[in-house]
Amino acid sequence: MGLGWRGTGGTIQKRTEESWYHLVALLLLCGFWEAHTQTDDGKSVYFWETGPWGRCMGSDCGLGGSQSRAVWCAHVDGWTTLHTNCDQAQRPSNQRNCFRVCDWHKDLYDWKLGAWNECVPVSARTFGAPRQFTCSGGEEGIQTREVGCILKSDGSPAEDAICEYFEPKPRLEQACLIPCPQDCVVSEYSPWTSCSKTCGTGLRNRVRSVLVPPLFGGAACPNLTEFQSCKPGPCTGPEGMYSLRVGPWSPCALPQTRTARQVKRRKGKGQGLRERAGVKDPETRELIQKKRTRNRLNRQESPFWDIQVGYQNREVTCIHRNGSTVGRNMCLTRDLPLTIQSCVLPKDCKLTDWTIWSPCTKTCMNPESPRGNRTRTRQVLQFPVGEGAECPPLEEFESCEPQGESIPPCATYTWRTTEWSDCRVDTLLSQQDRRRSNLTGLCGGGLQTREVYCVQANAELLKYLNDLREKDKAGQTQKQQKPSVPPLLSITFQITASRPVENKLCEGPIPNRSQLCQIPCPIDCEVSPWGAWGPCTFENCDDQAGKKGFKLRKRQITNEPTGGPGNCPHLVEAVPCDEPTCYDWQLISLDPCIPDDGKQCGSGTQIVQVQCVNSNGEKVDRNLCTSNPPPEPVPCEVPCSRDCVLSDWTSWSTCSQTCSSKTIEGKQMRTRSILAYNAGEGGAVCPNSSALQEVRNCNEHPCTVYHWQTGPWGPCTEDPSTSSFNASVGVRPNSDGEVPCSMGMQTRKVICVRVNVGQVPPKKCPDGPRPSTMRPCQLPCKKDCIMTPFSDWATCPITCDAAGIAVKKKQSRKRLIIQMPSNGGQECPEVLEEERDCEVPKICPGFRWKTHKWRKCQLVPWFLRQDTPGAQETCGPGLQTRAVSCRQLDGTQADISECLKFAKAMPAITQRCQLPCQDDCQLTNWSKFSSCTADCVGVRTRKRSLIGRSKKKDKCKNTQMYPLSETQYCPCDKYNAQPVGNWSDCILPEGGRVESILGMKVQGDIKECGQGYRYQAMVCYDQDNRLVETSRCNSHGYIEEACIIPCPSDCKLSEWSNWSRCSKSCGSGVKVRSKWLREKPYNGGRPCPKLDHINQAQVYEVVPCQSDCKQYVWVAEPWSVWKVSNVDLKENCGEGVQTRRVRCMLNTIDGPSEPVEDYLCDPEEMPLGARESRLPCPEDCVLSDWGPWSRCTLPCTRSNYRVRTAYTIRPPSVGRECPDTTEKEPCSLNLNCFNYFYNITDWSTCQLSPNAVCGSGIKTRMLDCVRSDGKSVDIKFCEEMNLEKKWQMNISCVVECPVNCQLSEWSAWSECSQTCGLEGKMWRQRSVVQASQGDGRPCPSQMEQWKPCPVRPCYRWQYSPWSECRVENVVCGHGMRFRNLSCFVSDGDDEGSLVDEELCSSLEVAVDGDKQIRLKESCILPCPGECYLMEWSDWSSCVNICAKEAGVDFASVQVRSRAVLAQEPENLQLCPDQEWESQPCTGGECYEYKWFSSIGPNSSRPLIWCQRSDGLNVTGGCPPMNPPEDNSSCDPPCLMPKSFCSEAGICLCEEGFTEVLSSTGQLDQCAPIPILEIPTAGDKKGDVKTSRAINPTLPTTIQPGRNGRTWYLQPYGPDGKLKMWVYGVAAGAFVLLIFIVSMIYLACKKPKRPQRQRQQNNRLKPLTLAYDGDTDM
């Protein structure tokens, strides 16, 4: 019906939707028709249209805003028209008021989120949607909630647009999951109990417990008990049919007549006292009053307990086995149990009303800080007595915020830091670098540290507000209340240090305690080589009278040093000389030689071209050189045609010495050579070889060189001439370090020094270049020491010893140095930390219960128990009470609520007692045991004795019933110590902090290696193998063993090698230096830098270098004398060879100086060392050597030429001509004509100062001039072309500093992880203050250490098992069962051993955290034949109700149950209902349930059961079992894989599988059918196609139950083996295969050829093969 209804509903909905569609379409059609009708009727075809409302605008926030929208007139066809066409009366408004939202509205409005509604299935929200009938994991649902914008102050609703301005609207619905119904799950049955009767007909029971309760509408629990009748045998005698049953005790009550009797009795006593008082004298009355007072104080009647002793009774009845009650006489006579007893009248706890809430613990305003708490309490008016209800909590807490207007802001805390320490480079050095003897002058990247402390950020503001509040309290007027300090919003605070507070008060990230810094590396002064000596000149050309002369040579600063040029060496050297002049003539050139008298050849002169220059070589006016005559013309010779021809003189060579003395003279030389010999007669003869060389002296000045030498600048001191005042300030310097305060003066020493001699008088040095001895400087400010005030004294911990006496402790306070003094400022005090003794409280805080004397044992009134058999008036069981009070540890009275809070459990105030009767035996209490003389030797005894009349009674003298002495063996206190657990980490001794180098404490520089100790816990056992204190074994709890923490060793490299020579002699190259690996790092030392990937033991550093292309030059000596090969002896001319020596020399400012290796010079520019030419004959023309080639003009084309020339030295005789003096060749690119361009190299690595480890450096690159053929040439070639230089040659860079990992100090040891036992551990941690950077030492992996705690025995209170249910002297009924509370000791893992209760005396009396101690409880002992409930089962394991497919947990639950036990078949109808109860739990396991089955060896039907995923067999929980339902008609059911039950009740296999039957004809398994591979005819390649025959035959009816069933070939028999027909088919196929192969062979066999004559032609005719060689055809 349900399904049909749902389907109908879906149809109804579908039809309804279709009807709506038709209705809407009809309405639209009608409207459209009406509009057209109006148009046709001539009515208005125009209407108003509006746009969306715009943004709310306005100057005021809130309701004063306005928003507008567009309004226009439109035609029905959609186009816009004039406003006048529309009806103005119907025009919509284009403006309205709105709520303008401003940013501050965010604090006023917020979204209000409603609670999520119940989860509704998705199918229920869609009308007519089919609902799932099977639940898997859970059903998808949707839950909704209400969300609206509200005003925070009163919760009134507001427009959603206001809240949407700040935050999107929260979602209104969310997906949810509805759990599937959880059926009740029960365990397997227990074994059958024994028969309830030993004869006759009884019952056996077996029970099971509930594992999972029914949830979410699941199936209820089945019966937990199963009964089975049993007949052990016929009864030989009469059965016991009756039992005496004890009923429950009635509620405690007071007898009705008790109050009246007491009042009457008290009245009588009072009259008698008064009467007797009159008889006694006053002294006697006073003694009686004192005794009563003492008794009253001892009783301590407390107002909190109103203890009333009442009575309770119970019934004793005789019960038949069928449960009916019969007369008591039917039961066997025996001593009846007590039917009346004393009891305490139960009273519930009564409390006062709650007090008002206390003030909020938070007294300041700060929304971000945690909320405060407020409490309210109530007092106890009446403590619970007897079985009365316990007291609920007496104190209640709730979070709060302070309320009111004048609430001050909360104290805020922030981190502060001291100033950074000086930058230190040595802290970054490796172990190897620190061993260097000289650590001065280090620069570059360094490390500086500071202290971090916490301060109260707004202390001055709170003090100011507190002062205002105090003035308000003093009652001053408004004018008097005006503060003398500036207003609140303009408070000016004095720059003072704040008081440090505990660091835990500060939140947020801690500022860095260390940072990288930079010490600028001093730039060394670099100077150029010395220039040439200048001419002898006056010191001052303006004052030449009486002044001596000096020759000067100078050098320039090529790299400006740090601190200015004053730190450079001297730049001028002077040599005294004679005949100084300020101006002189300088030779420019010589004009051509002009023969005298106009002749063509012969002697002549050369005019000298000169210019006037000063001592610096600068051209000046010629008139300044008039004091010196200009040089005269130089005589020369123009050879005639038959004269000897000589070459020009070479340039003078470099001077051999830089100065001259008596033993040293400087020499220069020049040479010339013979170009052509003279004719035999008439020509000028060639000179001898000595005339071809000239030598002259040079550098004739003496070797006495003087220069000015300067000392270092002195300190900056105050200049007396200035009146500035250098104040001492206490402010911190700016970021640049020093703060200038005034100008001072620095001086230095300047002396005249003679080279290689020392100081000489100043007059020896020229005054002109004398350096200055004074310069102005800036004086830095004095900085005083700035310290924080002392922090507040640390709180004193109050600790008390076991006797309750306070232990003395100390408290300390400290202050920090914020700024160190400098420049003569005030020094810091030495005391940074103070310590003092704490004030010891007189009384240690603590409370205890004091118990008072037990009162008299109260019996049940005699008039109530006088009818009880055996009762006596003055004896029997009773009840006694006592009072308890609260005391401080010193014994003074305290409020009872203090003990309820801080003391242990309250002692019992009532106990059972026994007043002995006359026939009872009375004995004293046991004495203490006697002392033992030695452990484990002898015995000890204790005694007691009979009292009064008991001494004379015979039954009391029976020592077996009433022993008077007990004997024990003396305790054997033997203790055995042994180690337990693992060794701890290796721990260094405390105080391991060491001073780092140079005595400065570096954060994290803690001694972390060396010898330490590791610990192993010791455990002590007594002779009974019980754990005792380790002190019993004379052990402090540990075994110590020395251990070593290896120290880290850094990577060690060799020193840098020397730089190699620059790889190029011209332009930019590279130079290399290297380090070799000497020792690898270990134990966490600094890693090695990146090694060469080829040679893993070497580190290279490659930097670019620039070589001057003129640094090395080729120098050619003069050509040798001609060696004529074809000698014309007459003419002395002809073909010959000249040679000369060519060397590569180092070029200096004075010229080539020393020879070097030839490879340093450019081989392309090497001059020829030999030449073949023709030695001119007499009268031949003699030309000079060719001059240099001219430069080719760009661009390089062959239309351009370059030229070189020679000039005529000797004109030819008449009739002879000179060859061409000009030679030209076309310009060809990259042969004699070149383009030039700049080439920039890559950036070098970051280069540091030699004394720097890291930090700022410079990257450089070089600029080369490169010829178009790729050769590097002198930079001047590119400069001559005025090429653009657009590159930056130097950039700054940073080399990462190798910062070692810095760790904090070890924290204090944590509390022990366990208060007792063997497994306790203590931990301490450290943290990374500064992570390692660069190649710094990495952080160690061990960031925490542990060591074992001293082993302490675990004492605990533990219940003994419950006793059997005891009902005195009867068979069944309501009784009691008991258990004891004992002290146990264990090591934390085992169950423990029983020890004396004194060892648990310091523990709170609780078992597993439960303070409610229950040592007895009521129970019911079932009577014979009674049907009853068992005791509660144990709580089941925690089970998580979950949906694994969805990954959702719904709840965790555990359950316990009570099953029914029956003894008589006749009483089954009287059995009570079974019970179960559940409770939530945590950490439950999510289980799955599956069906399992198996076939027993002697059964044909399979056994089917449900199993939980933890292997527990259960009932319930598994899904509905489809196979058993489907297979209900098959016997046994079809449980094999791929099997099913047919309509005929036979197990068959699914398609693709064949049945394999057992020997009994039952289905054993479903085996897959083999695949037949059949080649298809249509496939030409013969591919194998795979097919399964689905319907090989038509259905047959031969086999029952297989109608319409597709059958398969079944090659396997019932035993699983191949059937015989399979072998037959295989044999037939094999024979067929042989036959086919034989036929193919016979058909293809070549026939035997007949014998015939061999023909001449071995080539057969074409038809020979076909016709067997029949050539006649």
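Check the entry above for the structure.
Being a predicted model, the structure only gives us computed values, none of them experimental.

Cut-offs applied
Residues numbered from 1 in each chain as written. Predicted model: local features only at pLDDT ≥ 70, side-chain atom pairs only at ≥ 80, totals over all residues. Heavy atoms only, no water. Helix = DSSP H or I, 4+ residues; strand = E, 2+ residues; numbered from the N terminus. Buried < 20%, exposed > 50% of the residue type's maximum accessible area, 1.4 Å probe, protein only. Contact = heavy atoms within 4.5 Å. Areas by Shrake-Rupley, 256 points an atom, 1.4 Å probe, with all protein chains shown as cover. Phe/Tyr/Trp six-rings, centres within 6.5 Å; stacked < 30°, edge-to-face > 60°. Disulfide = S-S within 2.5 Å. Patch = residues over 30% accessible without salt bridge, like charges linked within 9 Å, V, L, I, M, F, W, Y side chains within 5 Å. Salt bridge = Lys/Arg side-chain N within 4 Å of Asp/Glu carboxyl O. Lys, Arg positive; Asp, Glu negative; His and termini not counted. Charge placed at Lys NZ, Arg CZ, Asp CG, Glu CD. Pairing = 2+ DSSP bridges. Core = buried A, V, L, I, M, F, W, Y, C linked by side-chain atoms within 4.5 Å.

Draft legend 1. How the structure looks around the overall build of the protein. When its secondary structure is counted, the protein shows 12 helices and 108 strands. Here the protein, with 1673 residues, has 31% of them falling under the buried criterion. The long-range share in the protein, meaning contacts at least 24 apart out of those at least 6 apart in sequence, stands at 69%. Here the protein has roughly 108,000 Å² of accessible surface; of this, 52% comes from carbon and sulfur atoms.

Draft legend 2. Molecular detail of the environment of Lys231. Looking at the element boundaries, Lys231 is found in strand 15 (residues 225–233). Exposure remark for Lys231: the relative accessible area of 68% places this residue in the exposed category. It is 9.9 Å that separates the C-alpha atoms of Lys231 and Arg204, two residues lying 27 residues apart in sequence. Contact partners of Lys231, with chain neighbours within four places excluded, come to Gly200 and Thr201.

Draft legend 3. Looking closely at the packing of aromatic side chains. Per the stated rule, a full pass over the model turns up 8 aromatic pairs. A centroid spacing of 6.2 Å and a plane angle of 80° characterise the contact between Tyr1238 and Trp1287, whose relative ring orientation is edge-to-face. Here Tyr1238, found in strand 80 (residues 1236–1240), pairs with Trp1287, found in the loop between helix 10 (1276–1280) and strand 84 (1290–1295); they are 49 residues apart in sequence, far enough to count as distant. For Tyr1238, a relative accessible area of 10% translates into the label buried. Measuring from ring centre to ring centre gives 6.1 Å for Phe1492 and Trp1505, while their planes differ by 20°; the resulting arrangement is stacked.

Draft legend 4. Molecular detail of the state of the cysteines. Applying the stated criterion to the full structure yields 57 disulfides. Across the disulfide, Cys56 is cross-linked to Cys98 (sulfur-sulfur distance 1.9 Å). As the torsion about the S-S bond is roughly 95°, the Cys56-Cys98 disulfide counts as right-handed. Of this pair, Cys56 sits in the loop between strand 1 (46–50) and strand 2 (62–68) while Cys98 sits in strand 5 (residues 95–100), placing them 42 residues apart in sequence. Exposure remark for Cys56: the relative accessible area of 17% places this residue in the buried category. Take Cys98: its relative accessible area is 10%, and that puts it in the buried class. Between the sulfur atoms of Cys655 and its disulfide partner Cys698 the distance amounts to 1.8 Å. Measuring handedness by torsion sign, the sulfur bridge of Cys655 and Cys698 sits at about 90° and is right-handed. A residue pair is termed long-range when its members are at least 10 positions apart, and Cys655 in the loop between strand 40 (645–646) and strand 41 (666–671) and Cys698 in strand 43 (residues 693–698) qualify at 43 residues. The same class applies to Cys655 as to Cys698, namely buried.

Draft legend 5. Region of the structure containing a negative patch on the surface. On the surface, a cluster of negative charge is contributed by Glu1319, Asp1389, Asp1390 and Glu1391. The residue Glu1319 is located in the loop between strand 85 (1302–1303) and strand 86 (1321–1325) in this model. Judged by its relative accessible area of 45%, Glu1319 is partly exposed.

Draft legend 6. Local environment of the pairing of strand 86. Judged by which residues are buried, strand 86 turns out to be one-sided: Met1322 and Arg1324 face inward and are buried, whereas Lys1321, Trp1323 and Gln1325, on the alternate face, are not. Alignment of strand 86 against strand 88 (residues 1344–1348), held across 5 bridges, turns out to be antiparallel. By the bridge assignment for strand 88, Lys1321 is matched with Pro1348.

Draft legend 7. Representation of the nonpolar core. One finds Trp305, Phe383, Trp849, Val884, Cys886, Ile896 and Cys899 to be the most contacted residues of the largest nonpolar core, which totals 17 residues. Elements supplying a minimum of two residues to this core: strand 59 (884–888) and helix 9 (896–902). The residues touching Phe383, leaving out its near neighbours within four places in the chain, are Phe304, Trp305, Lys347, Asp348, Cys349, Ile896 and Leu900. Residues Ala1017, Tyr1021, Leu1318 and Val1385 belong to the second largest nonpolar core, which totals 15 residues.

Spatial relationships are all this shows, so hold off on functional conclusions.
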